[in-house]
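Listed below are the residues making up each chain.
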Amino acid sequence: HAKESGRNTYRFFDERMNVNALERLHLENGLRRALENNEFTLYYQPQVDLESGRIIGMEALLRWFSESMGSISPARFIPLAEECGLIVPIGKWVLQTACRQARSWQDQGFPAVPVAVNLSALQFRRADIVATVATALADSGLAGTWLELELTESLLMQSGPDVEATLGHLKALGVRLSIDDFGTGYSSLAYLKRFPVDRLKIDQSFVRDIAEDPDDAAIVRAIIQLGRSLRLEVIAEGTETPEQMDFLRDERCTAAQGYLFSPPLPAEAVTELLRWGRLPAAPLLAG
Ligand code: C2E
Ligand code: MG
Ligand code: MG
Ligand code: MG
């Protein structure tokens, strides 16, 4: 019996692995054609000033609507795109598209706000990253101050000694630098002193339970204070409830992003929000 079930178990795992490998191959092939097939689009999630309720920025988030596979989550395809190197051309497209969109909103007369773009470690380590960013700015006519690049702690820690130089060149273009998912990576706080960072994005895993979990509350409080001491802006990701927002305001965190205010939206929907001038959830902020 044991032998039999053992063999069945093996076969079960074999089949599962084949399915995963096939699915992977399928996704990878799809990814290879996605750019030319125009299957990518950018959604934009507003970032909100917790005092005024005003939109103070946007994060560009990549969406893939595959012709053959339907909508595929970034959590599935971004790691794959990183593994097979496709994140480099895809990331270039994201930079160009986000810069063009930001410039278009400015041309329509809306108050200028920075648009944030997520950068993968692989993109950042490419020798031409500074040229790629400079080209995206020049082609779109967007001033560097209106582009923010979101980097992760692990990206800053893994890369070689030229990280500092690359960050310096990017800053020379006028762009803002933020640290995404702050607190979840391999954190050496020393890099905050060394690198020209403008903003910390508190990871949503800390924000989720701030109203109930004293440990998460303490971590978020500490990050807000760290930001204040080092004169870095701080924004809380994944803000979903009025309780979380109240906590953040009590702790004098000035900015937030999350479903409470708005999900990531197609550009046209964000244009409507900008025309309206306020977010639907803004009345919450008056309380
Ligand atoms: P991220 O940069 O940390 O982005 C925040 C994620 O949280 C987004 O997921 C966003 O839709 C989601 N989110 C926003 N508000 C809330 C909320 O209130 N609650 C919860 N639970 N989630 C919220 P998304 O769009 O699925 O992206 C996942 C990750 O994929 C991003 O995490 C980022 O690391 C990566 N990613 C997305 N677009 C790009 C891109 O253009 N380039 C690169 N390199 N990575 C990207
Ligand atoms: Mg991000
Ligand atoms: Mg994040
Ligand atoms: Mg993330």
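Here, every reference points to the structure presented above.
All of the points below concern the structure found in this document. Note that the coordinates shown come from a computational prediction; the quantities given were computed from them, not determined experimentally.

Rules and cut-offs
- Residues numbered from 1 in each chain as written.
- Chains lettered and ligands numbered in written order.
- Predicted model: local features only at pLDDT ≥ 70, side-chain atom pairs only at ≥ 80, totals over all residues.
- Heavy atoms only, no water.
- Salt bridge = Lys/Arg side-chain N within 4 Å of Asp/Glu carboxyl O.
- Helix = DSSP H or I, 4+ residues; strand = E, 2+ residues; numbered from the N terminus.
- Buried < 20%, exposed > 50% of the residue type's maximum accessible area, 1.4 Å probe, protein only.
- Pairing = 2+ DSSP bridges.
- Patch = residues over 30% accessible without salt bridge, like charges linked within 9 Å, V, L, I, M, F, W, Y side chains within 5 Å.
- Areas by Shrake-Rupley, 256 points an atom, 1.4 Å probe, with all protein chains shown as cover.
- Lys, Arg positive; Asp, Glu negative; His and termini not counted.
- Charge placed at Lys NZ, Arg CZ, Asp CG, Glu CD.
- Near = heavy atom within 4 Å.
- Polar contact = N/O pair within 3.5 Å; in protein donor to acceptor, adjacent residues only side chain to side chain.
- Nonpolar A, V, L, I, M, F, W, Y, C, P; charged D, E, K, R; others polar.

We now examine the pattern of salt bridges. The final tally for this structure, using the stated rule, is 16 salt bridges. Of the charged contacts in the structure, one is a salt bridge between arginine 24 and glutamate 28, with a shortest N-O distance of 3.9 Å. Within this pair, arginine 24 and its partner glutamate 28 are both found in helix H1 (residues 2–34), separated by four residues, close to a single helical turn. For arginine 24, a relative accessible area of 38% puts it in the partly exposed group. Measuring nitrogen to oxygen at the nearest pair gives 3.0 Å for the salt bridge that ties glutamate 251 to arginine 221. Placement of glutamate 251 in the loop between helix H11 (242–250) and strand E9 (255–256) and of arginine 221 in helix H10 (residues 214–229) is noted, with a sequence separation of 30 residues between them. By relative accessible area, arginine 221 is classed as partly exposed at 32%. Linked by salt bridges that have partners in common, Arg24, Glu28, Arg32 and Glu83 make up one network.

So, on to the pairing of strand E6 (residues 176–182). Within E6, six of the seven residues are buried, which leaves the element mostly enclosed by the surrounding structure. The sheet contact formed by strand E5 (residues 147–152) and E6 spans five bridges and is parallel. Bridging from a neighbouring strand, leucine 149 pairs with leucine 177 of E6.

On to a negative patch on the surface, then. On the surface, a cluster of negative charge is contributed by Asp209, Glu212, Glu243, Asp246 and Asp250. Within the secondary structure, aspartate 209 sits in the loop between helix H9 (204–207) and H10. Overall, aspartate 209 belongs to the partly exposed group, its relative accessible area being 31%.

Moving on to the site of ligand 1. Among the 22 residues in the neighbourhood of ligand 1, the closest are listed as Arg63, Asn118, Asp180, Glu240 and Tyr259. One of the side-chain nitrogen or oxygen atoms of glutamine 45 is found 3.0 Å away from a nitrogen atom of ligand 1. One nitrogen or oxygen atom from the side chain of glutamine 204 is found 3.1 Å from an oxygen atom belonging to ligand 1. For ligand 1, whose accessible area on its own is 800 Å², the fraction buried by protein is 82%. For the shell around ligand 1, the secondary-structure elements that each account for two or more residues are strand E2 (55–66), helix H2 (74–83), helix H3 (87–107) and E6. The biggest single contributor to the shell around ligand 1 is E2, with four residues. Grouping the amino acids of the shell around ligand 1 by side-chain chemistry returns eight nonpolar, seven polar and seven charged.

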